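# Fold and contact review
Chain by chain, the residues run as shown.
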Amino acid sequence: MVETLAIERIGFTRFTNARLLTFFSRVLLLILKYTEEKLGVIDGMSKFQARLKDLEDIVQISKKAHQKWKLKELDTKRCDLHRYVVGTMDIELLSHNEARHDAAKWLLTAMDKYRKVPRMALDAKTANIKGFVLDSKKEENAKLATTLSLTESITELEKSNQEYEKIWLERNEARTMIKKLRTDECKKDLVIMFHWITNTIYAKYILEQTEEAKSFISELNTIIQATKTAQKQSIAQKKKNEKDKTTDPKKEETSTDTTETKKEDPGKVDETNKESTLEEPKISEGKTETIITDNTKEINNP
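Report on the accompanying structure. Worth saying up front: this structure is predicted, and the values here are computed from it rather than measured. (Residues numbered from 1 in each chain as written. Predicted model: local features only at pLDDT ≥ 70, side-chain atom pairs only at ≥ 80, totals over all residues. Heavy atoms only, no water.)

## Digging into the overall build of the protein chain
Along its length, the protein chain carries 11 helices and two strands. Ordered by position from N to C terminus, the α and β elements of the protein chain give β-α-α-α-α-α-α-α-α-α-α-α-β. Residues counted as buried form 35% of the 302 residues belonging to the protein chain. Taking as baseline every contact in the protein chain between residues at least 6 positions apart, the subset at least 24 positions apart corresponds to 80%. Only carbon and sulfur atoms are counted for the fraction: they give 52% of the accessible area of the protein chain, which is about 19900 Å². (Helix = DSSP H or I, 4+ residues; strand = E, 2+ residues; numbered from the N terminus. Buried < 20%, exposed > 50% of the residue type's maximum accessible area, 1.4 Å probe, protein only. Contact = heavy atoms within 4.5 Å. Areas by Shrake-Rupley, 256 points an atom, 1.4 Å probe, with all protein chains shown as cover.)

Structure representation (structure tokens):
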């Protein structure tokens, strides 16, 4: 008796856009390997490839839309540079070198309105750093900045601020584009097309027992198993990271210190050991309906 293969079931509800793109791209390559003609899926391939291209665009745009850490890094850098420049001017006020003292005094007077830049809101900070750099480059101020050896630092501040603004604008534009591309609709179409393709190939395998269909199903199951394993590992790592965040060594150290303080002075009210815990809101993920036929065996997706 010939053993009949079955296509493993896979759920896509918790998949990120990037993982979906990787999975469907591998499926596409597998179809092209055995050709649409021999697998009997010519009719649906054009739409499948078009929607896969849309998902690829969404993933690329999403990378620009999620650059939080890069922006934070650049913001820290530009604030540090600004503090260094202004701090140098403050220090040079005490200089015994008359030229450096006078240069610092003049620049601090001219730049006084920019002193609080690091504490401003992000958009106001960007605009004020622009103003700070422009004023620093004015002929009378540029010579004084050179006297204090601040020209290079001011140039670096300008570059950091420009890069920050560029990424900020790209991120906002990307978020707008993602809404226009209708991500959920694209993913739903791909899932439906995937099941249509696999059901069609499975039917061909059952009816005709072609070698191409059999090999496709075998290799598809390997891809599905690898994808599900990667998804499990990703979820496990995410849970581990969340667990690590709940354990703060600094808080434990503080708690220990305050306990010792209480033992030494039991009559003193110690407020340092009071903590307030904010629970992160739970975000429920949207579900995508999929079409599953009886020819697939059910394996619960983690």
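## Details of the pattern of salt bridges
If you walk through the whole model with that rule in mind, you get 17 salt bridges. Residue Lys33 is joined to Glu219 by a salt bridge in which the shortest nitrogen-to-oxygen separation is 3.1 Å. A residue pair is termed long-range when its members are at least 10 positions apart, and Lys33 in helix H1 (residues 17-34) and Glu219 in helix H10 (residues 211-246) qualify at 186 residues. A salt bridge links Asp90 to Arg115, with the nearest nitrogen and oxygen atoms 3.0 Å apart. Of the two residues, Asp90 is situated in helix H4 (residues 68-92) and Arg115 in the loop between helix H5 (98-110) and helix H6 (122-136); the sequence distance between them amounts to 25 residues. Among the charged side chains, a network of salt bridges with common partners joins Arg51, Asp54 and Asp189. (Salt bridge = Lys/Arg side-chain N within 4 Å of Asp/Glu carboxyl O.)

## Some points on the packing of H1 against H10
For the pair H1 and H10, interaxial distance at closest approach is 10 Å and the crossing angle is 165°. When the axes of H1 and H10 are compared, the pair comes out roughly antiparallel. You can see that H1 and H10 cross each other, and the crossing is right-handed. Facing Arg19, Phe23, Arg26, Val27, Leu30, Ile31, Lys33 and Tyr34 of H1, the residues of H10 in contact are Glu212, Ser215, Phe216, Glu219, Leu220, Ile223, Ile224, Ala226, Thr227, Ala230, Gln231 and Ser234. A class-by-class count of the residues in the contact of H1 with H10 yields 11 nonpolar, four polar and five charged. (Axes fitted to C-alpha atoms, helices over the stretch in contact; angles between N-to-C directions. Parallel < 35°, antiparallel > 145°, perpendicular 65-115°, else oblique. Left-handed = near helix turned anticlockwise from the far one by under 90°. Nonpolar A, V, L, I, M, F, W, Y, C, P; charged D, E, K, R; others polar.)

## So, the environment of Ser218
Position of Ser218 among the secondary structure elements: in helix H10. It is 7.6 Å that separates the C-alpha atoms of Ser218 and Leu5, two residues lying 213 residues apart in sequence.

## Observations regarding the side chain of Asn141
Looking at the element boundaries, Asn141 is found in helix H7 (residues 139-147). Once residues within four sequence positions are removed from consideration, Asn141 is found in contact with Trp106, Leu107, Ala110, Met111, Asp135 and Ser136.

## Things to note about unusual backbone geometry
Although it is not a glycine, Thr35 adopts a positive phi angle of roughly 70°. Here Thr35 shows up in the loop between H1 and helix H2 (36-39). With a phi angle near 50°, Gln209 is a residue other than glycine that sits in the positive phi range. Looking at the secondary structure, you find Gln209 in the loop between helix H9 (183-208) and H10.

## A look at H1
When the terminal C-alpha atoms of H1 are compared, their 26 Å separation across 18 residues agrees well with the 26 Å that a helix rising 1.5 Å per residue should span. Within H1, the full set of buried residues consists of Asn17, Leu20, Leu21, Phe23, Phe24, Val27, Leu28, Leu30, Ile31 and Tyr34. Following H1 by one or two positions, Thr35 has its phi on the positive side, about 70°. (Expected span 1.5 Å × (residues − 1).)

## Some details on the packing of aromatic side chains
What the rule picks out here adds up to 11 aromatic pairs. Plain terms: the ring middles of Phe12 and Phe24 are 5.4 Å apart, the flat faces sit at 40° to each other, and that makes the pair tilted. Of this pair, Phe12 sits in the loop between strand E1 (7-8) and H1 while Phe24 sits in helix H1; the two residues are 12 residues apart in sequence, bridging distant segments of the chain. By relative accessible area, Phe24 is classed as buried at 1%. Where Phe12 meets Phe194, the ring centres are 5.7 Å apart and the plane angle is 90°; that geometry is what we call edge-to-face. On the criterion of sequence distance, the pair formed by Phe12 in the loop between E1 and H1 and Phe194 in helix H9 is long-range, its members being 182 residues apart. A network of ring pairs unites the aromatic residues Phe12, Phe15, Phe23, Phe24, Phe48 and Phe194 as a single cluster. Residue placement shows Arg78 over the ring face of Tyr164; its charged tip is 3.8 Å from the ring centre. (Phe/Tyr/Trp six-rings, centres within 6.5 Å; stacked < 30°, edge-to-face > 60°. Lys NZ or Arg CZ within 6 Å of the ring centre and 35° of its normal.)

## Description of the packing of H5 against H7
In the contact formed by H5 and H7, the axes pass within 9 Å of each other and the chain directions differ by 135°. Considering their axes alone, H5 and H7 lie oblique with respect to each other. When you trace H5 past H7, the crossing you get is left-handed. Residues Ala99, Arg100, Ala103, Trp106, Leu107 and Ala110 of H5 lie in contact with H7, whose contacting residues are Asn141, Leu144, Ala145 and Thr147.

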